Every structure is written in C-alpha cells, then in structure tokens.
Amino acid sequence: MSHNDEVAARFEEFASLLEAKDIEYKPRSYRRAAENVRGYPEPIENLASEGEAAVQEIEGIGDAIAAKIVEYVETGEIEELAELRADLPVDMAGLTNVEGVGPKTVGTLYRELGIEDLDGLEAAAEAGEIEALSGFGAKTEANIRSGIAFARTAQQRQRLGEVRPLGEDLVSYLDDVEAAKRCALGGSLRRWRATVGDLDVLCASDDPEAVVERFTDWDRADSVIESGSAKASVRSDGTRIDLRVVASAEFGSALQYFTGSRDHNIGLRNRAIARDLKINEYGVFDVSNVENPDNGQRVGERVAGETDASVYEAVSLPPIPPELREDRGEIAAAADGRLPDLVAEGNVRGDLHVHSAWSDGANTVSEMVRAAAEFGHEYVCCTDHASGPGIPGGTGLSDEELREQTEEIEAVREEVANEGIDIEVLHGVEANIDADGGISVGDDVLADLDLVVASPHSGLDGDGTDRIVEAISHPAVTIVGHPTGRQLGRRPGMDLDFDAVAEAAAEHGTALEVNANPQRLDLGGSAVKAAIDAGATIAIDTDAHQPANFSLLRYGVHTARRGWVEAEDVCNAWPYDELRAFLDG
Ligand code: DGT
Ligand code: CA
Ligand code: CA
Ligand code: ZN
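Along each chain, the written sequence defines residue order, and numbers are assigned to residues from 1. In the order they appear in the text, chains get letters beginning with A and ligands get numbers beginning with 1. Confidence filtering applies because this is a predicted model: local features only for residues at pLDDT of at least 70, side-chain atom pairs given and counted only at 80 or more, and all residues used for totals across whole chains, interfaces and linings. In computing side-chain properties, one takes all heavy atoms of the structure into account and sets aside hydrogens as well as water.

Student: Would you take a moment to explain the coordination of the zinc ion (ligand 4) for this structure?
Tutor: Perfect tetrahedral coordination of a metal by four donors corresponds to 109.5 degrees between them, and perfect octahedral coordination by six donors corresponds to 90 or 180 degrees. Distances define the donors: N, O and S atoms within 2.8 Å of the metal qualify, as do those within 3.2 Å of Na, K or Ca. Water is excluded, so some sites may look unfinished. For the zinc ion (ligand 4), the full set of protein donor atoms is His 353 (NE2), His 355 (NE2), Glu 430 (OE) and Asp 543 (OD), at a range of 2.0 to 2.2 Å. Read in sequence order, the donor residues coordinating the zinc ion (ligand 4) give the pattern H-x1-H-x74-E-x112-D. With His 353 in strand 11 (residues 350-354) and Glu 430 in strand 13 (residues 424-432), the pair connects residues that are 77 residues apart, well separated along the chain. Like His 353, the residue Glu 430 is buried in the burial classification. Elements are defined by DSSP. Helices are runs of H or I of four residues or more, strands are runs of E of two residues or more, and each kind is numbered from the N terminus. When accessible area is computed with a 1.4 Å probe and restricted to protein chains, residues below 20% of their type maximum are described as buried, those above 50% as exposed, and intermediate ones as partly exposed.

Student: Help me out: how do you make sense of the coordination of the calcium ion (ligand 2) in this one?
Tutor: Coordination of the calcium ion (ligand 2) by the protein involves Asp 198 (O), Asp 198 (OD) and Asp 200 (OD), with metal-donor separations of 2.2 to 2.6 Å. One can describe the donor arrangement at the calcium ion (ligand 2) as irregular, given that its 6 donor atoms subtend angles of 70 to 164° at the metal. In this model, the calcium ion (ligand 2) sits 3.7 Å from the calcium ion (ligand 3), the two metals being bridged by Asp 198. For Asp 200, a relative accessible area of 14% gives the class buried. Note on geometry labels: four donors, all angles 85 to 135 degrees, give tetrahedral; four donors become square planar and six octahedral when opposite donors are over 155 degrees apart and every other angle is between 65 and 115; remaining cases are irregular.

Student: Please explain helix 13 (residues 208-217) as it appears in this structure.
Tutor: Given 3.6 residues per helical turn, the α-helix brings residues three or four places apart onto the same face. Among the residues of helix 13, those classed as buried are Val 211, Val 212, Phe 215 and Thr 216. Taken end-on, helix 13 shows its buried residues confined to a sector of 130°, consistent with a single buried face. Of the exposed residues in helix 13, those oriented more than 90 degrees away from the buried face are Glu 209, Glu 213 and Asp 217. Note: the arc covers the axis-to-C-beta directions of the helix.

Student: Would you mind going over the sheet that holds strand 2 (residues 182-186) with me for this structure?
Tutor: Remark on secondary structure: sheet strands pair via backbone hydrogen bonds, oriented parallel or antiparallel. Should DSSP find at least two bridges between two strands, the strands are regarded as paired. Pairing is mixed in the open sheet, where 5 strands are placed in the order 2-4-7-6-5. Every other strand in the sheet has two partners, leaving strand 2 and strand 5 (223-227) as the edge strands with one partner each. Strand-to-strand twist in this sheet, taken as the mean axis angle between neighbours without regard to direction, amounts to 20°. For strand 2 and strand 4 (residues 199-204), the ladder comprises 5 bridges, and the chain directions are antiparallel. Note that in strand 4 the partner of Cys 183 across the bridge is Cys 203. Sitting on the sheet, helix 11 (residues 160-175) touches strand 2, strand 4, strand 6 (231-236) and strand 7 (239-246), and the angle it makes with strand 2 is about 165°. All axes are obtained by fitting lines to C-alpha atoms, using only the stretch in contact for helices, and the reported angles, taken between N-to-C directions, cover 0 to 180 degrees. Throughout, a contact is declared for two residues whenever any of their heavy atoms are within 4.5 Å.

Student: What should I look at first to understand a negative patch on the surface in this one?
Tutor: Exposure above 30% relative accessible area and no salt bridge define the residues that can form patches, which grow by joining like charges within 9 Å and nonpolar side chains of Val, Leu, Ile, Met, Phe, Trp and Tyr within 5 Å. Note on areas: Shrake-Rupley with a 1.4 Å probe; residue coverage comes only from the protein chains shown. Only one rule defines a salt bridge in this text: a Lys or Arg side-chain nitrogen within 4 Å of an Asp or Glu carboxyl oxygen. Counted as positive: Lys and Arg. Counted as negative: Asp and Glu, with His and the chain ends omitted from the count. Charge coordinates come from a single atom per side chain, which is NZ of Lys, CZ of Arg, CG of Asp or CD of Glu. Residues Asp 434, Asp 436, Asp 463, Asp 466, Glu 470, Asp 495, Asp 497, Asp 499, Glu 503 and Glu 507 make up a contiguous surface patch of negative charge. Those elements that provide at least two residues to the negative patch are helix 21 (465-473) and helix 22 (498-508). By residue number, the principal contributor to the negative patch is helix 22, which donates 3 residues. Residue position: Asp 466 is located in helix 21.

Student: Could you clarify how one ought to interpret the site of ligand 1 in this entry?
Tutor: Put simply, a residue is near a molecule or strand once any heavy atom of it comes within 4 Å of that molecule or strand. Ligand 1 sits among 15 residues. The nearest are Arg 157, Ser 188, Arg 191, Gly 197 and Asp 198. One nitrogen or oxygen atom from the main chain of Gly 197 is found 2.8 Å from an oxygen atom belonging to ligand 1. Against a free-state accessible area of 590 Å², the protein chains account for coverage of 68% of ligand 1. Mapped onto the shell around ligand 1, the elements with two or more residues apiece are helix 12 (187-190), helix 14 (251-259) and helix 15 (262-273). Distance and chemistry together define a polar contact, namely a pair of N or O atoms within 3.5 Å, with one atom able to donate a hydrogen and the other to accept it when in protein, and with adjacent residues in sequence counting only for side-chain atoms on both sides.

Student: What is the right way to look at the nonpolar core in this model?
Tutor: In summary, soluble globular proteins display a tendency toward joint burial of nonpolar side chains. Side-chain atoms within 4.5 Å link the members of a nonpolar core, which is a set of buried Ala, Val, Leu, Ile, Met, Phe, Trp, Tyr and Cys residues. Formed by 46 residues in total, the largest nonpolar core has its most connected members in Phe 11, Val 55, Ile 61, Ile 69, Val 98, Leu 121 and Ile 130. With 8 residues, helix 1 (residues 4-20) is the largest single contributor of residues to this core. Sequence-distant contacts of Ile 69, defined by excluding residues within four places in its chain, comprise Val 7, Phe 11, Val 37, Ile 44, Val 55 and Ile 61. Counting residues in each nonpolar core, the second largest holds 43 residues, with Val 348, Ile 433, Val 441 and Ile 540 among its members.

Student: Mind showing me how you'd approach the packing of aromatic side chains here?
Tutor: By convention here, two paired aromatic rings are described through the distance between centres and the angle between planes. Ring pairs are drawn from Phe, Tyr and Trp, using the six-membered ring of Trp, whenever the two centres fall within 6.5 Å, and their geometry is named by plane angle: stacked under 30 degrees, edge-to-face over 60, tilted for the rest. Within the structure shown, the criterion is met by 8 aromatic pairs. Note on Tyr 257 and Phe 258: the rings are 4.8 Å apart at their centroids and 90° apart in plane angle, and the pair reads as edge-to-face. Relative accessible area serves as the criterion here: at 34%, Tyr 257 is assigned to the partly exposed category. Ring geometry for Tyr 379 and Tyr 576: centres 5.8 Å apart, planes at 50°, overall tilted. In this pair, Tyr 379 is assigned in strand 12 (residues 379-385) and Tyr 576 in helix 25 (residues 576-584), connecting sequence segments 197 residues apart. Among the aromatic residues, ring-to-ring pairing joins Phe 11, Phe 14 and Tyr 30 into one connected group.

What follows is the structure, encoded as structure tokens:
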C-alpha cells in the first residue's frame, strides 16, 4: 500500500493552513512537495524507511519536509499539522470548494466571523455579515452564496484522478489475498467517468467471508460502513467503497452488471429478452423453455457469465469497452460492427500543452523536455501562459518574453540533440481567449510560433459558445485548450453548444483539447463525441506544470475514449511529419 496520496493531501492542507495565516513562500514549497510526492512512482514509505536523506531524493523536498514525511510514515501524524489545525479548526477542503474562497479568505472569515464550515459560511452570507467585512463586498457575498450550493453537491462526488489510484491500490491489495481468485474495479470508475459517487470492487472467491474480512482490515479503510457474508462497504479518506464477492463462474456477469451504466444494462437486457435470454448479475440464461422467466434469478439453462465478454457474446455482440457503456448508441453500433477502434495510451506520441517556470510551471524548459522524452514522447510543445486576465500576476509572458523564449527553446533543441535524446521540441504559447473571443498575443509573435493553444481563463460563466467559436476561427489558433473552463467539483464552466463548437472546429481545422488534468477533464465524454461526430480533430494534453504530470495522460485518453475517439482523430497521436503538416497547413 502506498502512502503517497495521503502524504500529499496532508501537505496540501498544511499549505492552505499556512496561507490562511498569511505566511508567505512556505505554502508554495509544500504544494510543490505534495505534487511531487503524489506523482512519485514508488511507495513513499520505501524511501522513508531508509531515512530522511533518501526522501530528499524526491524533487522539491528539503530536510524540513523530508522529516515530516518520515514522521508521518512512522507515526501516522504530523505534529506541526496538528498544531496548525488546532489553531485554525476549519473544514479547509469543504470551504475552499466554494469558488472564490481560497485559504486566505478562510483565514479571514475564521478570524473575523468564526466561520468553520459550509454551514457557518452559509449562515454568515445569508445574514449579510460577509459583505460588511473590509475587502469584501455585496458582489463577493453574492458569489459565495451561489457557490455554496454547488460546493455541497460537488462534495458528494469525487474526482476520477483522486479515486482511481485508491481503487487500483485496493485491487492490488486484494490480488495478494489468498482467498481472492480474481478482482476488478466496476461502476463509474471502470467506465472512467470524470467524477465518481462511490467505488465498486468485485472479487471471485470460494471463501467470501475471508475476502470480506481482509477487505475490512485493509489499512486504508478508515471505518466500516457495513459488513456481511459476501459484501461490505468501507470508507477511505471520505470515499465509500463497496465490495461484492461472487463465485468464479458468475464473476463476468457480476462485473458486467456492476460496471453499468444502468441505462446501458437496460439496453442489453432488452436485447436478451428479444432472444429468449435473460441477463442478470448471476449469468446469462436461455429461458426459451421456461414458463415464467421472472420467477427466480438462476432459471433455465446457463449459457454465459464467466467473463464480461461472454455476456456480450451471448447476445451476438463484440465486447463493448466500459468507457462506451453510457447508452449513447453503443449497442446499435456493436450490432452493426461500427464500434470505434478506440485510442489507447500507447498511441499518443507527444504532448502539445506543457508549462515551464517561464510562466507558472515548476521546472526549466530543458527539464520538461527531458521528462517528456523519458515518458516516451516523440515530440513536445512548450506552451507557457501569455499574460492576460485570469493568469496569476507576474506569471504570464509578454510578447517580448515570448521572443526571448524562442532562443532558449533553440538552445534546448541543440542540447538534447547533442546528448542523443530523440525528441522534437516545439515552441508554442497558451494564449488567453478574452471575453469577445480575441487572443492575448500579438499577431507577429503568433505567426512565428509553431503552435498556439488558446484557452479561456476568466469570465467562465454563462454561455460561451460565440466566444469559443470566435477563437476557433482565429487563423493562428491550433488548439482550443480546456474549452469550457470547468473545474470538477469547483465550478461548472461555461455553457457551450457543443454541436456548434464541433462544427466550427471541423470547418477551421482547429483541434479541441481533452485536458487530462483530473481537475478539468475538459472537454468531457459527451462533448468529445459531438466533436468526433462533426469530424473535428482532438488533442489530448496534460497541461503539465512539472515532470510528474506527464503521467496524467491516461485520464485524458480514457476521457477521449468515452467520446468514441480513435487514434487517427488525435493530432498528437500522429507521426511527427503528419503533425507538422497539420501545423503548417
Ligand atoms: P456512481 O457510483 O454514482 O459514480 O455511478 P455507478 O455507475 O458506479 O453506480 P453505482 O455505484 O450506484 O452502481 C454500480 C453499478 O451497478 C451501476 O452502474 C449499475 C449497477 N446497478 C446498481 N444498482 C442498480 C439498479 O438499481 N438497477 C440497475 N439496473 N443497475 C444497478
Ligand atoms: Ca459507483
Ligand atoms: Ca456502488
Ligand atoms: Zn495550460
């Protein structure tokens, strides 16, 4: 089991509490440490067991932070964090879920009004107490009031990127349990939905009680919600996990059933009924000689159920990838032999949206390029932020700085070539899309760059269709980045007419991004499908701000798969020559 996510969450809380106390600089190093620990490929406790010096091998981790990691791994606590919490006893994660409420605001609201949680915040906003504080106003208070409802519902669903590693960790733990023969994730997590209500795990075993016992004993299970002879639910770091244990012969049908979605399963069951078959979690049954098929679960002759694919085969269908099981026409497509040959992570050849320390990234261009090569990319494009609204002060580049950056990019190209590192290095920019759809970089600079990602960073509410279509039509724009501007669990982003956006993108040869950052996953599955249906090109980018972020690619790939995307639809899955032709065309 790995403590990486737990340590990262503690450091993020640590950073927020420091910020709330108006302490400067330190929060940034804790946030950076959190990201590096989360992205570190090995269980952090392996390093911690070798001592503080070993932990300092991780980038961005000095002696003070290393000591805290060792302390946490050894004791399960960080004393300084406990002191900070006692000093500022607030629900930091819940409060900062409200858009416009950052850690500093939480600190002020606690000191001035004693606000500790969402209920307190709501009461104060309703009573007009926030408006009366200096530095706040009627508009801020109104925004907070409207953000609370969204923050409350958002809290009930977790982001895919946070729970997927938890689920994988659990499956690898259960794989080592002797009594468990096969294990798999089910539910929305297996379908790679952007947010997940709870986590469903399935095991095949002849000894279900032994598996249930090991599950409830798992050291990441904080509490047991319920526990029976063949199923149990626990809570881990705020996430509910449901386990079911079934016989091996029924594993496939159970997995198919618990993968969902509900509407997909209804479609499949109807197809079965038309063939005198009955599908349920126990198997597929031939009920042609059964008088009353609804009378009981295991009725008639059992014809399938050992594997997930066998269930589809029984109704004359090829296996349908879990990401497609959303009742968006996948059963008809499967029946007609029209299922897409979905893009896979291995198809992606480069990342076209990457930041360096020139803007708000953590590393030099050279470090990011090397990390991209190490990840396996054939090409990478540096796209630091241009200055503009929504870009934190001082982190966006002026036209002049973009010109200067060109020289550094050229130097990095030479440097990696001299070392025999095989990667093409492109120079781009992430420009802002302003309220009217205009672009925040001068035309002469745009013309000299290899690629332009244009993204919205401010004014992210209401209908943004015209604005995004305008940006798509700009001749210099290659990719529209995170088109809605949504942040999962934080803000819904702009409303877009996805058909109109898709048509414009197809017409102008502008790619639409699937931003792989788990906070965004923007565009999401159904919007991506609209883009594909209109013939638009997709870019799957990580928006990396540090080397560990390149591995977030998988979330983007699976989100694209939810939109029926094939490798040929993805410009950064094309060989470099084809990409070059696209950029130059
Ligand atoms: P979530 O957890 O809200 O992100 O979404 P799911 O899809 O994981 O839903 P969940 O955890 O309630 O149930 C897992 C799967 O089990 C679901 O996708 C389909 C199946 N399932 C559960 N309850 C029902 C039900 O009452 N009717 C049908 N047809 N299927 C169900
Ligand atoms: Ca679920
Ligand atoms: Ca469930
Ligand atoms: Zn970016």
